[in-house]
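# Commentary on secondary and tertiary structure
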Amino acid sequence: MFPLTFALDFAGDRPSPTADRGEKKNYAQRLSNHLAQAVADGLRPRYPSITPDAHGVGQEAQVDVAKGRKRLDVKALDPTLGLILCVSIKTYSFQDYSPTTGRLGRWTKNIVRNDHELRGEAMVLHQRQPYSVLVGVMFEPWSTCEDGDPTKTSDIGKSSFAHHVTTLSKRAGRGKRPVVGSTERAWVDLGAEDTRYDLFEKVFIGLYEPDGPYRGDVRFFDVEDAPPRNGRPAERSLLHFDQFLDVVHAEVERRNRFAPSWSEPDDED
């Protein structure tokens, strides 16, 4: 059984891209809820109180923000530190469709809206709780990698996946500033003192198989990495589900590693 198989099964049959907007919206909400459950279940050994809980209680649980309350997909709270981790789930499940022309397009129509939603989430959460770690995940089918045209040099020639990465890459990287001119990936660690409240600590695209024998298999691509202009990213650049969970946990540990350490007392003390 692959990591997302249950989420896809419980979401029900996926409507056609030409289906009614309401039908597609309802499916997207069901899928998002079940994906949140899958991510929470994967992180639960490290965060026992994470929501949604093992029985699905706490879907879109709320947390205090600067102005009222904010619904979160996956959240982990510490009784002393408050919100330590939030994973925001987004989905892009349907190829773009124009009712006017009756034609199917690419997978790019809603990505700017998704970016704006992530920006709003980051702002309201980080302004109130700057030490929290926010991770965004856009789940989308592998088909988004395969709709570009390598023969075209214009912007439309790149795949929808490449477009998603370049759009969402500016939403990632809070707490770090890259060192300009470095030949390696290096950055200055600002941690929670970073005043860019509109950024997530990490953003990934989760590429999954929606059908067939590998239904539910998923790989995660870090949007801070360079994507291929066309086609699927190389396997070496992708994370399996367990590796993705490890990276998320490591980000929380990095944010909270500055806890005080104590020296050993002298024998006479």
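Residues numbered from 1 in each chain as written. Predicted model: local features only at pLDDT ≥ 70, side-chain atom pairs only at ≥ 80, totals over all residues. Heavy atoms only, no water.

- Per an unreviewed UniProt entry, the recorded name for the protein chain is Restriction endonuclease, and the organism is Rhodococcoides corynebacterioides.

### Here we look at the overall build of the protein chain
- Per the secondary structure count, the protein chain includes five helices and twelve strands.
- Taking 269 residues into account, the globule formula puts the C-alpha radius of gyration at 18 Å, and the protein chain, at 20 Å, falls close to it.
- In terms of overall dimensions, the protein chain has a C-alpha envelope of 85 × 50 × 40 Å along the principal axes.
- Each of the 269 residues in the protein chain was classed as buried or not, and the buried ones make up 45%. (Helix = DSSP H or I, 4+ residues; strand = E, 2+ residues; numbered from the N terminus. Rg over C-alpha atoms; globule rule 2.2 N^0.38 Å. Buried < 20%, exposed > 50% of the residue type's maximum accessible area, 1.4 Å probe, protein only.)

### Remarks on the nonpolar core
- The biggest cluster of nonpolar side chains holds 33 residues, and the ones touching the most others in it are Leu 43, Leu 85, Val 87, Val 135, Phe 139 and Phe 244.
- Elements supplying a minimum of two residues to this core: helix 1 (5-11), helix 2 (21-43), strand 3 (74-78), strand 4 (82-91), strand 7 (133-141), strand 10 (202-208), strand 11 (218-222) and helix 5 (241-255).
- In terms of residue count, helix 2 provides more of this core than any other element does, seven residues in total.
- When neighbours within four sequence positions are excluded, Phe 139 is seen to be in contact with Leu 4, Leu 35, Val 39, Ile 89, Lys 90, Thr 91, Tyr 92, Gly 206, Tyr 208, Val 218 and Phe 220. (Core = buried A, V, L, I, M, F, W, Y, C linked by side-chain atoms within 4.5 Å. Contact = heavy atoms within 4.5 Å.)

### Details of the packing of aromatic side chains
- Enumeration over the complete set of coordinates arrives at ten aromatic pairs.
- Here the aromatic rings of Phe 220 and Phe 244 are separated by 4.1 Å at their centres, their planes lie at 5 degrees, and the arrangement is stacked. Residue Phe 220 is located in strand 11, and its partner Phe 244 is located in helix 5; the two are separated by 24 residues in the primary sequence.
- Exposure remark for Phe 220: the relative accessible area of 0% places this residue in the buried category.
- Of the aromatic side chains, those joined through ring pairs into one cluster are Phe 139, Phe 204, Phe 220, Phe 241 and Phe 244. (Phe/Tyr/Trp six-rings, centres within 6.5 Å; stacked < 30°, edge-to-face > 60°.)

### Observations concerning the pattern of salt bridges
- Tallied over the full model, the rule gives 23 salt bridges.
- Residues Asp 9 and Arg 215 are paired through a salt bridge, measuring 3.2 Å at the closest nitrogen-oxygen approach. Of this pair, Asp 9 sits in helix 1 while Arg 215 sits in the loop between strand 10 and strand 11, and the two are 206 residues apart along the sequence.
- Its salt-bridge partner being Glu 209, residue Arg 232 comes within 3.8 Å of it at the nearest N-O pair. A residue pair is termed long-range when its members are at least 10 positions apart, and Arg 232 in the loop between strand 11 and strand 12 (238-239) and Glu 209 in the loop between strand 10 and strand 11 qualify at 23 residues.
- Residue class for Arg 232 comes out partly exposed when judged on its relative accessible area of 42%.
- Judged by relative accessible area, Glu 209 falls into the partly exposed class, the value being 22%.
- Taken together, the salt bridges that share partners define one network made up of Asp 115, Lys 170, Arg 171, Arg 196 and Asp 198. (Salt bridge = Lys/Arg side-chain N within 4 Å of Asp/Glu carboxyl O.)

### Observations regarding the environment of Ala 162
- Turning to its location among the elements, Ala 162 is positioned in helix 4 (residues 160-168).
- Measuring from C-alpha to C-alpha, the distance between Ala 162 and Arg 255 comes to 29 Å, with 93 residues separating the pair along the chain.
- Those residues within four positions of Ala 162 in sequence are excluded, and the remaining contacts are Pro 227, Pro 228 and Arg 229.

### Remarks on unusual backbone geometry
- Following Thr 51, the chain continues to Pro 52 via a peptide bond in cis, the omega torsion being 5 degrees.
- Relative to the helices and strands, Pro 52 is located in the loop between helix 2 and strand 1 (62-65).

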